[in-house]
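For reference, the chains in residue letters:
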Amino acid sequence: MATPLKPAEFRAWRAFLNAQATLMRRLEAELVAGEGMTLPEFDVLVQLQFAPEQRLRMNELSDRVRLSPSGITRLVDRLAQAGLVERGPCASDRRVTWAILTPAGRARVRRASPLHLRGVKQHFARRLSPTQLDVLADALESVAEETGAGDRLSSKT
């Protein structure tokens, strides 16, 4: 039987979950209202924008945006229908499909980025001191490294 969390552990865990959920809801609402774009759609475009040659293998994109393979397929399909992303075959491995940012996708992420970054600053960064930001980053990077997610996280969003 698992041991219960200590009060400090429970408080930190609950605060983390509440902060993450609140921030994601606010950022998503702002993107939808201002740009007609969901946060996962924006995340895909940003990940592709900063990828080499603005393309990623579908499985790598799935890891980076933390969606299942079927979830990323549906999302890329929607973005492709909107002309923001296209799929392309890999010349060296026929099993691989690339997700490739289109010129329209580049323009779209450039247009949406100021709104998103303003929201991150307003709802997150300005609420913490520089020391708190450093402590929080160190703590969360430690958690991500332990779980193996550290190498998949992008600091560019």
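If you're wondering where the values come from, they're calculated on a predicted model, not measured in any experiment. (Residues numbered from 1 in each chain as written. Predicted model: local features only at pLDDT ≥ 70, side-chain atom pairs only at ≥ 80, totals over all residues. Heavy atoms only, no water.)

Visitor: Tell me about the sheet that holds strand E3 (residues 97-101), and please be specific about residues and values.
Guide: Strand order in the open sheet formed by 3 strands is E1-E3-E2, with antiparallel pairing between adjacent strands. The two strands at the open ends of the sheet, each matched to only one other strand, are strand E1 (55-57) and strand E2 (85-89). Neighbour to neighbour, the strand axes of the sheet diverge by 30 degrees on average, direction disregarded. Bridge count for E2 against E3 is 5 bridges, and the pairing is antiparallel. In the sheet register, Arg87 faces E3, and the bridge partner there is Ala99. Seen against the sheet, helix H2 (residues 39-49) touches E1, E2 and E3 and runs at an angle of roughly 95 degrees to E3. (Pairing = 2+ DSSP bridges. Helix = DSSP H or I, 4+ residues; strand = E, 2+ residues; numbered from the N terminus. Axes fitted to C-alpha atoms, helices over the stretch in contact; angles between N-to-C directions. Contact = heavy atoms within 4.5 Å.)

Visitor: Tell me about the pattern of salt bridges, and please be specific about residues and values.
Guide: Tallied over the full model, the rule gives 6 salt bridges. Put simply, Arg78 and Glu41 hold a salt bridge, and the shortest N to O gap is 3.9 Å. Of this pair, Arg78 sits in helix H4 (residues 69-81) while Glu41 sits in helix H2; the two residues are 37 residues apart in sequence, bridging distant segments of the chain. Judged by relative accessible area, which is 45%, Arg78 ranks as partly exposed. (Salt bridge = Lys/Arg side-chain N within 4 Å of Asp/Glu carboxyl O. Buried < 20%, exposed > 50% of the residue type's maximum accessible area, 1.4 Å probe, protein only.)

Visitor: Quick rundown of unusual backbone geometry? Include the residues and the values.
Guide: Here the phi dihedral of Glu53 falls at roughly 60 degrees; this positive angle occurs in a residue that is not glycine. Tracing the backbone through its elements, the reader meets Glu53 in the loop between H2 and E1. At Gln54, a position not held by glycine, the phi torsion is positive, near 50 degrees. Checked against the element boundaries, Gln54 lands in the loop between H2 and E1.

Visitor: Give me the pairing of E3: which residues, what numbers.
Guide: The element E3 is largely enclosed, with a buried count of 4 among its 5 residues. Across 3 bridges, the pairing between E1 and E3 is antiparallel. Directly across from Arg57, in E3, lies its bridge partner Trp98.

Visitor: Requested: an account of a negative patch on the surface, with residues and values cited.
Guide: Taken together, Asp134, Asp138, Glu141 and Glu145 make up a surface patch of like negative charges. Tracing the backbone through its elements, the reader meets Asp134 in helix H6 (residues 130-147). (Patch = residues over 30% accessible without salt bridge, like charges linked within 9 Å, V, L, I, M, F, W, Y side chains within 5 Å. Areas by Shrake-Rupley, 256 points an atom, 1.4 Å probe, with all protein chains shown as cover. Lys, Arg positive; Asp, Glu negative; His and termini not counted. Charge placed at Lys NZ, Arg CZ, Asp CG, Glu CD.)

Visitor: Outline the nonpolar core, listing residues and values.
Guide: By size, the foremost hydrophobic cluster in this structure holds 25 residues, and its most contacted members are Val44, Leu45, Leu48, Leu61, Ile72 and Val85. At the level of secondary structure, the elements contributing two or more residues to this core comprise helix H1 (7-35), H2, helix H3 (58-65), H4, E3 and helix H5 (103-123). For this core, the leading source of residues is H2, giving 6 residues. If near-sequence neighbours (up to four positions away) are discounted, Leu45 is found in contact with Met37, Leu79, Leu84, Val85, Leu101, Gly105, Arg108 and Val109. (Core = buried A, V, L, I, M, F, W, Y, C linked by side-chain atoms within 4.5 Å.)

Visitor: With reference to specific residues and values, describe the packing of H2 against H3.
Guide: When two helices pack together, their arrangement is given by the angle between the helix axes and the distance between those axes. Packing of H2 against H3 brings their axes to within 10 Å, and their N-to-C directions diverge by 120 degrees. If you check the angle between H2 and H3, you find them oblique. As H2 runs across H3, the sense of the crossing is right-handed. Between H2 and H3, the residues in contact are Asp43, Val44, Gln47 and Leu48 and Leu61, Arg64 and Val65, respectively. Across the contact of H2 with H3, the residue classes break down as 4 nonpolar, 1 polar and 2 charged. (Parallel < 35°, antiparallel > 145°, perpendicular 65-115°, else oblique. Left-handed = near helix turned anticlockwise from the far one by under 90°. Nonpolar A, V, L, I, M, F, W, Y, C, P; charged D, E, K, R; others polar.)

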